[in-house]
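Structural description and commentary
One-letter residues, chain by chain:
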Amino acid sequence: MDTTYINRTIIPALCRKAGVLAADARGAITSHRARSTIASQLYNAKEPMTLFELQAWLGHRSPESTQHYAKLTPNTLARAYNDAGYFERNVRTIEVLVDRDAVTSGAAANGEPWQYYDLGHGYCTYTFFEQCPHRMACARCDFYTPKTSSKGQHPLEAKDNLQRMLANVPLTDDERAAVDDGQAALDQLLERLADVPTPSGATPRQISAPAQATLLPVIEINRRPT
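Let us look at the structure shown here. Small disclaimer: the values here were computed from a predicted structure and weren't measured.

Conventions and cut-offs
- Residues numbered from 1 in each chain as written.
- Predicted model: local features only at pLDDT ≥ 70, side-chain atom pairs only at ≥ 80, totals over all residues.
- Heavy atoms only, no water.
- Helix = DSSP H or I, 4+ residues; strand = E, 2+ residues; numbered from the N terminus.
- Buried < 20%, exposed > 50% of the residue type's maximum accessible area, 1.4 Å probe, protein only.
- Contact = heavy atoms within 4.5 Å.
- Areas by Shrake-Rupley, 256 points an atom, 1.4 Å probe, with all protein chains shown as cover.
- Salt bridge = Lys/Arg side-chain N within 4 Å of Asp/Glu carboxyl O.
- Arc of directions from axis to C-beta.
- 1 Å grid on protein atoms, 1.4 Å probe; cavity = no way out; pocket = protein on both sides within 12 Å on 5 of 7 lines; lining within 4 Å.
- Points joined across faces, edges and corners; volume = space filled by probe spheres on them.
- Nonpolar A, V, L, I, M, F, W, Y, C, P; charged D, E, K, R; others polar.

Points about the overall build of the chain
Broken down by element type, the chain carries 11 helices and 8 strands. The 226 residues of the chain split such that 31% are buried. Residue pairs in contact within the chain that sit at least 24 positions apart in sequence constitute 56% of those at least 6 positions apart. Surface exposure of the chain reaches about 14,500 Å², of which carbon and sulfur atoms provide 53%.

Following this line, the structure appears as structure tokens:
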């Protein structure tokens with residue numbers, strides 16, 4: 001059957017019968033577009049055809065021609081990104097307490113602490129915590145408050161308007177090694193950071209931080225499948 005007859009007669013008749021338009025924003029509904037749609041569906045299926053399998057099925061001489069038909073859908077891209085495991089490898093989460101009273105009263109704008117990042121052994125009140133190079137092994141700078149101190153216990157316990165949240169922490173290669181490989185990698189990280197200034201200005205060597213610091217208790221992200 002001639003393709004001109006299919007495109008100009010049969011398809012418009014079928015569209016009228018189905019009550020749909022014979023054209024959309026991309027142009028007229030044609031047999032070529034139907035062929036492209038089926039090819040894209042086969043390429044994005046749960047068990048997709050490879051590019052060369054699709055080339056043979058479409059009867060193309062060159063894979064370059066097949067690439068015009070094989071379009072990745074957003075769901076396929078999202079699934080591929082999830083399977084790549086970027087977040088599982090490079091991102092962790094940490095609990096953070098947000099003092100809503102300090103925010104609403106304007107105290108936070110005047111420099112009062114309003115975020116308390118839970119380091120396990122204490123709290124960090126540095127607003128830009130995710131940018132701190134010492135976040136994975138706290139150097140105990142001026143922004144640090146031990147949980148065992150009166151400053152860390154009673155003021156927070158007295159606050160009844162604290163909101164507990166989770167913050168994402170993107171890890172560098174050295175930080176990920178410290179999380180995955182244990183104390184030896186952590187010691188190497190501490191040595192590299194010994195002369196790197198903390199948010200308060202002093203370096204860990206100047207603060208005389210202990211040689212065996214405690215690693216930040218981060219949590220792996222549990223991502224739902226797309």
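Focus: the pattern of salt bridges
Applying the stated criterion across every chain yields a total of 4 salt bridges. In this structure, E175 engages R135 in a salt bridge whose closest nitrogen and oxygen atoms are separated by 2.9 Å. Highlighted residues: E175 in helix α9 (residues 173–181) and R135 in the loop between β5 (122–124) and β6 (144–146), separated in sequence by 40 residues. For the residue pair E175 and R135, the accessibility class agrees, reading buried in each case.

Notes on helix α10 (residues 183–192)
Those residues of α10 that fall on the buried side of the exposure criterion are A185, L186, L189 and L190. Within α10, the buried residues cover an arc of 140° as seen down the axis, which keeps them to one side. Along α10, the residues that are exposed and aim more than 90 degrees away from the buried face are A184 and E191. The inward-facing, buried residues of α10 abut α9.

Describing empty space enclosed by the protein
On inspection of all chains with the given rule, the structure shows 1 cavity of 30 Å³ or more. In this structure, the largest cavity spans a volume of roughly 100 Å³. Around the largest cavity, the lining comprises 13 residues; the ones closest to its centre are C124, C132, H134, C138 and C141. When its residues are assigned to classes, the lining of the largest cavity shows 10 nonpolar, 2 polar and 1 charged.

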